[in-house]
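One letter stands for each residue in the lines below.
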Amino acid sequence: MALCTAARLVAAAEPQSYQLTFPKTGDKALDAALRASSQLESLRQKGPVDPLALVLRAQRDVARLETVLQSFGYYQSRVEITIE
């Protein structure tokens, strides 16, 4: 049992490529600003990333995306990033 778990942990730590989806807001300028401010988006094409780096990028993106939303007047917005 421990050997199987260790094998899963090693596989989970391998660099992963990822896809990113932004929901449409109906405002093209806002959509563009959200994409432009996202590290997940800008660094995605640089190649696979280890899982910890992916989580850190996502955590940092929350503040960036909230700042963009506030600059467009959405002061009580909520950003949620999900990693499958």
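So, here is what we can say about the structure in this document. Computed from a predicted structure; not experimentally measured.

1. Some points on the packing of helix α2 (residues 28–37) against helix α4 (residues 51–71)
Item 1. Two numbers describe how α2 lies on α4: the axes approach to 9 Å, and their chain directions differ by 155°. As summarised for this structure, α2 and α4 are arranged roughly antiparallel, according to the angle between their axes. For the pair α2 and α4, the sense of crossing is right-handed. Contacts between α2 and α4 involve Leu30, Ala33, Leu34 and Ser37 from the former and Asp61, Arg64, Leu65, Val68 and Leu69 from the latter.
Item 2. Here the residues of the contact of α2 with α4 sort into 6 nonpolar, 1 polar and 2 charged.

2. A look at the nonpolar core
Item 1. Counting residues in each nonpolar core, the largest one holds 7 residues, listed as Phe22, Leu30, Leu34, Leu65, Val68, Leu69 and Val79.
Item 2. Looking at this core element by element, the count peaks at 3 residues for α4.
Item 3. With sequence-adjacent residues up to four places away left out, phenylalanine 22 is seen in contact with Leu34, Arg35, Ser38, Glu41 and Leu65.

3. Digging into α2
Item 1. Looking only at α2, the buried set comprises Leu30, Asp31, Leu34 and Ser37. Down the axis of α2, the sector holding all buried residues measures 140°, keeping them to one side. Set apart from the buried face of α2 by more than 90 degrees, the exposed residues are Lys28 and Ala36.
Item 2. Two or three places before alanine 29, at the opening of α2, aspartate 27 has a side-chain oxygen 3.0 Å from that residue's backbone nitrogen.

Parameters and conventions
- Residues numbered from 1 in each chain as written.
- Predicted model: local features only at pLDDT ≥ 70, side-chain atom pairs only at ≥ 80, totals over all residues.
- Heavy atoms only, no water.
- Axes fitted to C-alpha atoms, helices over the stretch in contact; angles between N-to-C directions.
- Helix = DSSP H or I, 4+ residues; strand = E, 2+ residues; numbered from the N terminus.
- Parallel < 35°, antiparallel > 145°, perpendicular 65-115°, else oblique.
- Left-handed = near helix turned anticlockwise from the far one by under 90°.
- Contact = heavy atoms within 4.5 Å.
- Nonpolar A, V, L, I, M, F, W, Y, C, P; charged D, E, K, R; others polar.
- Core = buried A, V, L, I, M, F, W, Y, C linked by side-chain atoms within 4.5 Å.
- Buried < 20%, exposed > 50% of the residue type's maximum accessible area, 1.4 Å probe, protein only.
- Arc of directions from axis to C-beta.
- Polar contact = N/O pair within 3.5 Å; in protein donor to acceptor, adjacent residues only side chain to side chain.

Spatial relationships are all this shows, so hold off on functional conclusions.
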